[in-house]
Amino acid sequence: MVVGEYDSVFNSTAVSTEPLSAKEAKLAIGALAMFSDGVVQTEELGVMADHLLDAEFDAAAMQAASTKVNRIYQEEGAGALFNGAVRALAPDEMEPAFELAVRTALADREVSPEERDYMVALARAMRIAPEKLQQLLADYTGNQPELFHG
C-alpha cells in the first residue's frame, strides 16, 4: 500500500461499534503496523506481547483483545479500528502507542516499503513530530536507520 492509501484509513470517518480500552488501542495501533505489509511475523507478535503483558493485562486478556481488534479490522475496516484506537488514547498515550508501532515494524529487522509508508502516514495522523519519528528510528535501530529504508 502506498502512503495515499493509508491516508484514506487515517482520514476515515468510520466509527467502530466497539469501544477500545487504552491497552486495546495500543494493540490496535501495533496490529495495524503488522498488517500493513500483509505478513505477520512472530517477532512482531512478541514485541507487542512484551510491551502489553502485565499484571492487569495477562495472556487471557491479550487473547481477548487480539480477537476484538482483529474482528473490528475484518468487519469494520482499518479506518474504524484506527479511529477507535485514537479515541481511546489519552494525549499522553499517543507517543507510547506510536513507539509500539515503530518497535513492531522493526521487530524482524526487515521493514517493507508498506511498513515504511505506514509509519510515515501514522506519524502524521497521530501528530508525531518528524523529529520524534527520526529519534525513535535511531533508538530502535541502534543508530542504523538504513534498516528502516529497505
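Please refer to the structure higher up on the page.
Residues numbered from 1 in each chain as written. Predicted model: local features only at pLDDT ≥ 70, side-chain atom pairs only at ≥ 80, totals over all residues. Heavy atoms only, no water.

So, the packing of helix α2 (residues 22-35) against helix α4 (residues 59-76)
Geometry of a packed helix pair, given as the angle between the helix axes and the separation of the axes. For the record, the criterion: Angles run from 0 to 180 degrees between N-to-C directions of axes, and those axes are lines fitted to C-alpha atoms, restricted for helices to the stretch in contact. By the criteria applied, helices consist of DSSP H or I runs no shorter than four residues and strands consist of E runs no shorter than two, each listed in order from the N terminus. Every angle not falling under 35 degrees, over 145, or within 65 to 115 is termed oblique; those three ranges are roughly parallel, roughly antiparallel and roughly perpendicular. Left-handed describes a crossing whose near helix is turned anticlockwise from the far helix by less than a right angle; the clockwise case is right-handed. Contacts are assigned to residue pairs that have any heavy atoms within 4.5 Å of one another. Polar here means any residue other than Ala, Val, Leu, Ile, Met, Phe, Trp, Tyr, Cys and Pro, which are nonpolar, and Asp, Glu, Lys and Arg, which are charged; Gly is therefore polar.
At their nearest, the axes of α2 and α4 sit 10 Å apart, and the two run at 60° to each other. Judged on the interaxial angle alone, α4 and α2 are oblique. Between α2 and α4 lies a crossing of right-handed hand. Between α2, through Glu24, Leu27, Ala28, Ala31, Leu32 and Phe35, and α4, the contact on the second element is made entirely by Met62, Ala65, Ser66, Lys68, Val69, Asn70 and Tyr73. For the contact of α2 with α4, a count of residues per class yields 9 nonpolar, 2 polar and 2 charged.

Thoughts on the environment of Pro91
Using the following cut-off: Buried residues are those whose accessible area, probed at 1.4 Å on protein chains only, stays under 20% of the maximum for their type, while exposed residues exceed 50% and partly exposed ones sit between those limits.
Along the chain, Pro91 falls in helix α6 (residues 91-106). The exposed category is assigned to Pro91, whose relative accessible area is 77%. Through-space distance from the C-alpha of Pro91 to that of Met126 is 9.8 Å; in sequence the pair is 35 residues apart.

What about the pattern of salt bridges?
As a reminder of what qualifies: Salt bridges, as used here, are contacts in which a Lys or Arg side-chain nitrogen is within 4 Å of a carboxyl oxygen on Asp or Glu.
All chains considered together, the criterion is met by 4 salt bridges. Note that Arg71 is salt-bridged to Glu18, the shortest N-O span being 2.8 Å. Remark: Glu18 occurs in the loop between α1 (3-10) and α2 and Arg71 occurs in helix α4; sequence separation between them is 53 residues. Residue Arg71 is classed as partly exposed on the basis of its relative accessible area, which comes to 31%. The shortest N-O distance in the salt bridge between Glu95 and Lys132 comes to 3.2 Å. With Glu95 in helix α6 and Lys132 in helix α8 (residues 130-140), the pair connects residues that are 37 residues apart, well separated along the chain. On the basis of relative accessible area, Glu95 is assigned to the partly exposed category, the value being 34%. Residue class for Lys132 comes out partly exposed when judged on its relative accessible area of 25%.

Some remarks on the packing of aromatic side chains
Rule in force here: The criterion for an aromatic pair is that two Phe, Tyr or Trp rings (for Trp, the six-membered ring) have centres within 6.5 Å, with stacked assigned to planes under 30 degrees apart, edge-to-face to planes over 60 apart and tilted to the rest.
Enumeration over the complete set of coordinates arrives at 3 aromatic pairs. A centroid spacing of 5.7 Å and a plane angle of 50° characterise the contact between Phe10 and Tyr118, whose relative ring orientation is tilted. With Phe10 in helix α1 and Tyr118 in helix α7 (residues 113-125), the pair connects residues that are 108 residues apart, well separated along the chain. We classify Phe10 as buried; its relative accessible area is 9%. When its relative accessible area of 2% is taken as the criterion, Tyr118 is described as buried. A centroid spacing of 4.5 Å and a plane angle of 45° characterise the contact between Phe35 and Tyr73, whose relative ring orientation is tilted.

Things to note about the side chain of Lys68
Note the following rule: Here a polar contact is recorded for every N or O atom pair within 3.5 Å, except that within protein the pair must consist of a potential hydrogen donor and a potential acceptor, and residues adjacent in sequence are included only if both atoms are side-chain atoms.
Following the sequence through the fold, Lys68 ends up in helix α4. Under the relative-accessibility criterion, Lys68 is labelled buried at 15%. At a separation of 2.7 Å, a polar atom in the side chain of Lys68 contacts the main-chain carbonyl oxygen of Pro19. The residues touching Lys68, leaving out its near neighbours within four places in the chain, are Glu18, Pro19, Leu20 and Glu24.

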